[in-house]
Amino acid sequence: MATSSISSAAVGVLFNVLASVLFALMYAYTGFLTSLGGEEIYGWRTLLTVPCLTLFICATGSWNEVRAIAVRLRCESLFWAKRLMSAFLLGIQLWLFMWAPVNGYALDVSLGYFLLPITAAIVGRLAFKEPISKPQFIACILAGIGVINEIAIAEDISWPAFVVCLGYPLYFYLRRVIGTNNLGGLWFDMSFSLPISFLFVIKGGVVLHDSSTSLTLPLLILGLGALSASALAFWALSAPRLNLTVFGLLSYVEPVLLVLASLLLGETITRSQWPTYIAIWAAVLVLIMEGCVVLYRVSQQR
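Because the structure is a prediction, the values reported are computed rather than measured. (Residues numbered from 1 in each chain as written. Predicted model: local features only at pLDDT ≥ 70, side-chain atom pairs only at ≥ 80, totals over all residues. Heavy atoms only, no water.)

**Student:** Summarise the overall build of the protein; cite the residues concerned and give the values.
**Tutor:** If you tally the helices and strands in the protein, you get 14 helices and zero strands. In the protein, the succession of helices and strands from N to C terminus is α-α-α-α-α-α-α-α-α-α-α-α-α-α. In the protein, which comprises 302 residues, the proportion classed as buried is 49%. At a minimum sequence separation of 6, the contacts of the protein that also span at least 24 residues come to 88%. Within the structure as shown, the protein displays about 14400 Å² of accessible surface, and the carbon and sulfur contribution to it stands at 70%. (Helix = DSSP H or I, 4+ residues; strand = E, 2+ residues; numbered from the N terminus. Buried < 20%, exposed > 50% of the residue type's maximum accessible area, 1.4 Å probe, protein only. Contact = heavy atoms within 4.5 Å. Areas by Shrake-Rupley, 256 points an atom, 1.4 Å probe, with all protein chains shown as cover.)

**Student:** Could you give me a rundown of the side chain of Thr-46, with the residues and numbers involved?
**Tutor:** Tracing the chain through its elements places Thr-46 in helix 2 (residues 38-59). Residue Thr-46 is classed as buried on the basis of its relative accessible area, which comes to 1%. Apart from the residues within four sequence positions on either side, Thr-46 is in contact with Met-190, Ser-193, Leu-194 and Ser-197.

**Student:** Lay out the packing of helix 3 (residues 63-75) against helix 4 (residues 79-99) with the relevant residues and their values.
**Tutor:** Each pair of packed helices can be described by the angle between their axes along with the distance between the axes. Their axes nearest at 8 Å, the elements helix 3 and helix 4 cross at an angle of 130°. One way to sum up the angle between helix 3 and helix 4 is to call them oblique. Packed against helix 3, whose contacting residues are Ile-69, Arg-72 and Leu-73, the element helix 4 presents Phe-79, Trp-80 and Arg-83 at the interface. Split by residue class, the contact of helix 3 with helix 4 holds four nonpolar, no polar and two charged. (Axes fitted to C-alpha atoms, helices over the stretch in contact; angles between N-to-C directions. Parallel < 35°, antiparallel > 145°, perpendicular 65-115°, else oblique. Nonpolar A, V, L, I, M, F, W, Y, C, P; charged D, E, K, R; others polar.)

**Student:** Could you give an account of the packing of aromatic side chains, naming the residues involved and the relevant values?
**Tutor:** Counting across every chain of the model gives 15 aromatic pairs. Judged by centre distance (6.2 Å) and plane angle (65°), the ring pair of Phe-23 and Phe-97 falls under edge-to-face. Note that Phe-23 is positioned in helix 1 (residues 2-29) and Phe-97 in helix 4, a separation of 74 residues in sequence. For Phe-23, a relative accessible area of 7% puts it in the buried group. Judged by relative accessible area, which is 4%, Phe-97 ranks as buried. Among the aromatic residues, those joined into a ring-pair cluster are Phe-23, Phe-97, Tyr-113, Tyr-168, Tyr-171 and Phe-172. (Phe/Tyr/Trp six-rings, centres within 6.5 Å; stacked < 30°, edge-to-face > 60°.)

**Student:** Give me the pattern of salt bridges: which residues, what numbers.
**Tutor:** If you walk through the whole model with that rule in mind, you get three salt bridges. The closest approach of N and O atoms between Arg-72 and Glu-76, which form a salt bridge, is 2.9 Å. Among the salt bridges present, the one from Asp-189 reaches Arg-175, with a minimum N-O distance of 3.9 Å. Of this pair, Asp-189 sits in helix 8 (residues 183-192) while Arg-175 sits in helix 7 (residues 159-177), and the two are 14 residues apart along the sequence. Pair check on accessibility: Asp-189 and Arg-175 agree, each one buried. Sharing partners across several salt bridges, the network here consists of Arg-83, Arg-175 and Asp-189. (Salt bridge = Lys/Arg side-chain N within 4 Å of Asp/Glu carboxyl O.)

**Student:** Let's hear about a nonpolar patch on the surface: which residues, and what values?
**Tutor:** Taken together, Val-13, Val-17, Val-21 and Leu-25 make up a surface patch of nonpolar side chains, about 260 Å² in accessible area. Structurally, the position occupied by Val-21 is in helix 1. (Patch = residues over 30% accessible without salt bridge, like charges linked within 9 Å, V, L, I, M, F, W, Y side chains within 5 Å.)

**Student:** Provide a residue-level description of the nonpolar core, including the pertinent values.
**Tutor:** Counting residues in hydrophobic clusters, the biggest one holds 78 residues, and the most contacted among them are Leu-33, Tyr-168, Leu-186 and Trp-235. The dominant element in this core, judged by the number of residues it contributes, is helix 11 (residues 216-238), at eleven residues. (Core = buried A, V, L, I, M, F, W, Y, C linked by side-chain atoms within 4.5 Å.)

**Student:** Now, about the side chain of Ser-62: what can you tell me, with residues and values included?
**Tutor:** With respect to the helices and strands, the residue Ser-62 is situated in the loop between helix 2 and helix 3. Of the residues examined, Ser-62 reaches a relative accessible area of 8% and is grouped as buried. Residues within four places of Ser-62 in sequence aside, it is in contact with Ile-57 and Leu-183.

**Student:** Which residues make up helix 3, and what are the values?
**Tutor:** The α-helix winds at 3.6 residues per turn, so residues separated by three or four positions along the chain end up facing the same way. Taking 1.5 Å per residue, 13 residues should reach 18 Å; helix 3 reaches 19 Å between its end C-alpha atoms and fits that length. Taken together, the buried positions of helix 3 are occupied by Val-66, Ile-69 and Leu-73. Taken down its axis, helix 3 places every buried residue within 65° of arc, on the same side. Opposite the packed face of helix 3, turned more than 90 degrees from it, sit the exposed residues Arg-74 and Cys-75. Buried-residue contacts for helix 3 involve helix 2, helix 4 and helix 8. (Expected span 1.5 Å × (residues − 1). Arc of directions from axis to C-beta.)

The following block contains the structure:
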């Protein structure tokens, strides 16, 4: 039983890292969509993600999770309100992720993602009594040093940073409490956001109303939907296999990759910021080393 649990956690780590890589690719991908506003990019992302996610759910045999939630929506009176709250919390995050890079808040959102694993670990410890191993504790300290350096550099922490570092743990907590921490729950969260996404697309109108739009832009938007669906699917698949503390700590992979994507887009890291990224990389390295030790012990048991 212990070996099976560890193997499941290893798969969860793999899925989570794949999701982070795809999210970083999507972040860099917005550089090809500069003619669209942040709201319209978010709208197209959601409209295209839901069909792709539906196909992914069918391919992985997870449609029973969707049916189970649909039954609860019919039978539980307050479940609708909980599902709408869950959809709202996720929708805000997905909108912010698309809106920030084209509105000058990319650094603030990155800081929020750096803070997120710490807040997630705190929520996991307080709400679910999840244990924190010594390597995870060391990773938290290293990451905290990096965050303190970043806060010391910035004149203040703007609202996007707080939305990310506080909103996501609340979303994770709600998913677990109401029993929708799976692909089915993600599908409903995305589906409930479709009306607002459609309004954003209509309001933006660059693709739908501009007759001069070339074929390249629609194809790029389709690529955005495929990237988004794949990233969210792997992210949702990893969540049930990991406790909230590990799930939160692995979130450090994504902002590090976002930094690399930013460098590819032409941004630079100042000298005063290097301690932040070195500390974060060290925290990630500690987690990787812990994972390698666990996998080695499992292989020795076999």
